[in-house]
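Single-letter residue listing:
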Amino acid sequence: MTFKYANDSDLHAKLIADVLSQYPDKAAKRRSKHLSLATSEKDAGEEPNAISECEVKSNIKSVPGVMTIRGCAYAGSKGVVWGPIKDMVHISHGPVGCGQYSWSQRRNYYVGLTGIDTFVTMQFTSDFQEKDIVFGGDKKLEKVIDEIAELFPLSNGVTLQSECPIGLIGDDIEAVARKKAKEHATTVVPVRCEGFRGVSQSLGHHIANDAIRDWVFDKKDIKFDPSPYDVNVIGDYNIGGDAWASRILLEEIGLRVVGNWSGDATLAEVERAPRAALNLIHCYRSMNYISRHMEEKYGIPWMEYNFFGHSQIDASLRDIAKHFGPEIQEKAEKVIAKYQPLVWAVIDKYWQRLSGKRVMLYVGGLRPRHVVTAYEDLGMEIVGTGYEFGHGDDYQRTGHYVKEGTLIYDDVTGYELEKFIEGIRPDLVGSGVKEKYPVQKMGIPFRQMHSWDYSGPYHGYDGFAIFARDMDMAINNPVWGLYDAPWKNDRALAAVAG
Amino acid sequence: MPQSAEKTLDHAPLFCEPEYRKMLAKKKLKFECPHPDQVVSDQREFTKSWEYREKNLARQALVVNPAKACQPLGAVFAAAGFERTMSFVHGSQGCVAYYRSHLSRHFKEPSSVVSSSMTEDAAVFGGLKNMVDGLANTYKLYNPKMIAVSTTCMAEVIGDDLHGFIENAKSEGSVPRDFDVPFAHTPAFVGSHVDGYDSMVKGVLENFWKGAARSEATASINIIPGFDGFCVGNNRELKRLLDLMQVTYMFIQDASDQFDTPSDGKFRMYDGGTSINDVKAALNAEWTLSLQYYNTRKTLDYCRDVGQAATSFHYPLGVEATDELLMVISEISSKEIPEAIRLERGRLIDAMADSQAWLYGKKYAIYGDPDFVYAMARFIMETGGEPTHCLATNGTSAWEDEMKELLASSPFGKNAQVWPGKDLWALRSLLFTEPVDLLIGNSYGKYLERDTGTPLVRLMFPIFDRHHHHRFPLMGYQGGLRLLTAILDKIFDNLDRETMHAGVTDYSYDLTR
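Quick look at the structure, then. (Residues numbered from 1 in each chain as written. Chains lettered and ligands numbered in written order. Predicted model: local features only at pLDDT ≥ 70, side-chain atom pairs only at ≥ 80, totals over all residues. Heavy atoms only, no water.)

## Focus on the overall build of chain A
Then, in step 1: Along the backbone of chain A there are 21 helices and 14 strands.
Then, in step 2: For chain A, buried positions account for 67% of its 498 residues.
Then, in step 3: Excluding contacts between residues fewer than 6 apart, the proportion of contacts in chain A whose partners are at least 24 apart in sequence is 73%.
Then, in step 4: Accessible surface computed for chain A: about 16700 Å², of which carbon and sulfur atoms make up 51%.
Then, in step 5: When the 58 positive and 68 negative side-chain charges of chain A are each reduced to one mean point, those points stand 3 Å apart. (Helix = DSSP H or I, 4+ residues; strand = E, 2+ residues; numbered from the N terminus. Buried < 20%, exposed > 50% of the residue type's maximum accessible area, 1.4 Å probe, protein only. Contact = heavy atoms within 4.5 Å. Areas by Shrake-Rupley, 256 points an atom, 1.4 Å probe, with all protein chains shown as cover. Lys, Arg positive; Asp, Glu negative; His and termini not counted. Charge placed at Lys NZ, Arg CZ, Asp CG, Glu CD.)

## Side note on the interface of chain A and chain B
Then, in step 1: Listed as interface residues are 116 residues of chain A and, on the opposing side, 104 residues of chain B.
Then, in step 2: For the chain A and chain B pair, buried surface summed over both sides reaches about 9400 Å², with 62% attributable to carbon and sulfur atoms.
Then, in step 3: A salt bridge links lysine 27 of chain B to glutamate 269 of chain A; the shortest N-O distance between them is 2.9 Å.
Then, in step 4: Between the two partners, chain A and chain B, sit 46 residue pairs in polar contact (both at pLDDT 80 or more).
Then, in step 5: When strand β3 (residues 124–125) of chain A meets strand β1 (residues 63–64) of chain B, the two strands line up antiparallel, connected through two bridges. From the neighbouring strand, phenylalanine 124 of chain A faces β1 of chain B, where its bridge partner is valine 64 of chain B. (Buried area = accessible area lost by both parts, 1.4 Å probe. Salt bridge = Lys/Arg side-chain N within 4 Å of Asp/Glu carboxyl O. Polar contact = N/O pair within 3.5 Å; in protein donor to acceptor, adjacent residues only side chain to side chain. Pairing = 2+ DSSP bridges.)

## Notes on the pattern of salt bridges
It is possible for side chains bearing opposite charge to pair when their charged atoms get close.
Then, in step 1: Using the criterion set out here, one finds 71 salt bridges over all chains in the structure.
Then, in step 2: Residues aspartate 411 of chain A and arginine 70 of chain A are paired through a salt bridge, measuring 3.4 Å at the closest nitrogen-oxygen approach. In this pair, aspartate 411 of chain A sits in the loop between β12 (407–409) and α18 (414–424) while arginine 70 of chain A sits in the loop between β1 (35–37) and α3 (73–82), placing the two residues 341 residues apart along the sequence. Residue aspartate 411 of chain A shares its accessibility class with arginine 70 of chain A, and that shared class is buried.
Then, in step 3: Taking the shortest distance from any N to any O, the salt bridge between glutamate 194 of chain A and arginine 197 of chain A comes out at 2.7 Å.
Then, in step 4: Residues participating in the shared-partner salt-bridge network are Lys446, Glu449, Arg458, Asp465, Arg466 and Lys490 of chain B.

## Things to note about the nonpolar core
Then, in step 1: With 182 residues, the main nonpolar core has Trp82, Phe152, Trp261, Ile320 and Tyr375 of chain A together with Trp209 of chain B as its most contacted residues.
Then, in step 2: The biggest single contributor to this core is helix α14 (residues 326–354) of chain A, with 11 residues.
Then, in step 3: When residues no more than four places from it in sequence are discounted, the contact partners of isoleucine 320 of chain A are Leu250, Ile253, Leu255, Leu280, Met303, Tyr305 and Phe307 of chain A.
Then, in step 4: Membership of the second largest hydrophobic core comes to 60 residues, among which are Tyr249, Leu317, Leu326 and Ile491 of chain B. (Core = buried A, V, L, I, M, F, W, Y, C linked by side-chain atoms within 4.5 Å.)

Shown next as structure tokens:
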């Protein structure tokens, strides 16, 4: 089923020209490469995955002095990849702020006794002071690790998440890691994710993946009996329980999920990953590196999948099952059939209320493309989308999802996004907390598509029901009708007078 | 299948369904390699012990769950209190994303801040180019009246010279020569957000006051509120009181409108705040009052240097602290405290007398910024409560001395302990070994509430998991009434919860209290 609609290319082109005209020349020239329209849809209506071109420059430095929404390498490593590994202590190594602001902000759900055998919603820091900058922080770091060993003996290792000063003052955290790993007979992973590295959180993901490769894989004798149906779920951070809503489906079709990365993960799950039969990767952006590594070194194939919205869930389950042959394929069909009544009940309930509504997205990771079809499953249209920290391959993949004329904006600035929203007046914007409140002030419904606005899960069939309900609750909320004071409204006055 | 379209379960009930419970149990058993249950429960019990407490308090390097943030957050908050001022943080851009999210999550409001987006090349060559281009872009795009520049630890470690950079940028035409670009050095490895606030406010004053001649002192009183997550309610309440007293005053730094803009179809990037003309005029004030000492130490010294009289309070809340504030204002303005305010005071006293029995002898743990902990301990003692643990991660030994002096002034402070520099993981041990009835502090205390069963009254910054508290004042007598009610509500809610089991504990599930 292809959901057909066209976007207003002329309007979108004009909006791009308008915002660029407001920049100083140098910045306008740089920003012009990041703004575009999806073009030349091929074979639309025939293929389920018609490919549009949406070429923009990406993964290059943000323009200084504008409101970029991007984060840093530390955010990519500690905040995204490592932070959710629950039985390790992740030390924010450096001054207090980075750990404080990222403390418990990503809703990486997990099961465990926090502070005893799990540590995700805690903030561990070496709280750098001026003297640590002057004399170096290696000695302090050693002591931090010793104190963790004493106070949190059930932690299964530590990671050292470097903040900006660590790299600048030249501390040797790798030496500390080697020394302390030996002394405490535990896993100590140094991660060079200083915030100034790279241009966004994206390099932090890559660095974090490399740290898994270099400091976790093949370091222990693993006792483990593999089965031919073992899969790792890679790049699902279990926001609001996403990974659980996915896992339940994978198990139902007969697979064994041996590792959940990195939402609700333990170090053991990461260590055993190289013994699995297949890597299933959801957030391609943050975890393709380690999947490629496992393919090269251990011969484990990997495939991307999309568990947002029923049409992609159905398709992904079939693709995954195909890899394992008829037995799993048969089970997958049964599972898809089992959930059809739920899917159709959801669509019946919301289609009338949501179809034809226009959505603008601006998120990170995989969501600027993966959620497109989830909206279309409810009859909604995507008018604009873009990535905070996407690369060229992300935009290529986006072409599978968007329609011609879709406004594409890479590393959009606060100014541009505001102007685009004003110009298009969509029915819904899906972005992050920094964008939420300005958009709502404008009277436009909004959902936080990083945190699911404290709802979720959105993955899987169970999540699709929540996704649909949440979009309806945002768009059809009575509050949007109350923005204009009635005494400013002639019709209301006439009604009272009349 | 637990999910349905009619009754859609979101995460909280969904994962309590048997299918998910079973799946999670299997995951743990087969794949997580957990420690044996006995080992986990033994360790859990051990963390409640005095032995663990001693190890925990003896920590020298590790900080766990600190109740403080870094300097630039304070600088960004400070800049938000000036008219049409864009905060420009010089350094790596991730920091700015964090300050913006943090402020937005607390106030449920937009937070507009730009970064100079320094990356590896700037780490090597310095961030001058980022400043030159950045100021030009900020000026052109966001149409500010002023750009307030602060730093991250990166810019500080490489030693960027803000003043020189800004001058350079002006020479290159990034902003007009006479455009105001105040700045503050705010390294994250020194002090905390309260110091960043201090540096930025001082930076703004210096920008306008340096070299300006002070004319004859005016009767207007300058008021600096300090870093305050409740600025929306507090600043407005203080203005109401000052207007009632008919005092001429000027708030220097006032983010109450910036973090409380109305929803009416328009996004206002800037709203309210102290205007440039007012900051300039404030030089001539005879007095500058700071509502929080630890937030304004350097600023107040500077005010004194220019010839103003200056004094500070410790986040004035409760009866006596409000009395003092009003009396000082009355004295320096020669305006009487009107009868209407005396009646308000009387109403707070009335309320405290009515509810005294529920508060007498209750023990509290209070944590947060130094001025707030001081103020709260003082108010608790006024209600007949005992501030058993007073903790400020960014508290100094000078704060400790002040706290001890305060606590010694009342029999209710007799058993109190003061914990400067300690974090919330230390407080966990304190709560297990020397329990209290109530915990007062920000949202991070929810983990302490869960682990130790101590009910949490959420106050100050940040409050992420409750909505709109900051819209109501804590300061003044009205604020005192609100505080009193918040504490009482927590006590009554808790009592009801404990006594509501029908036929078991509901003999005390009383209707009238």
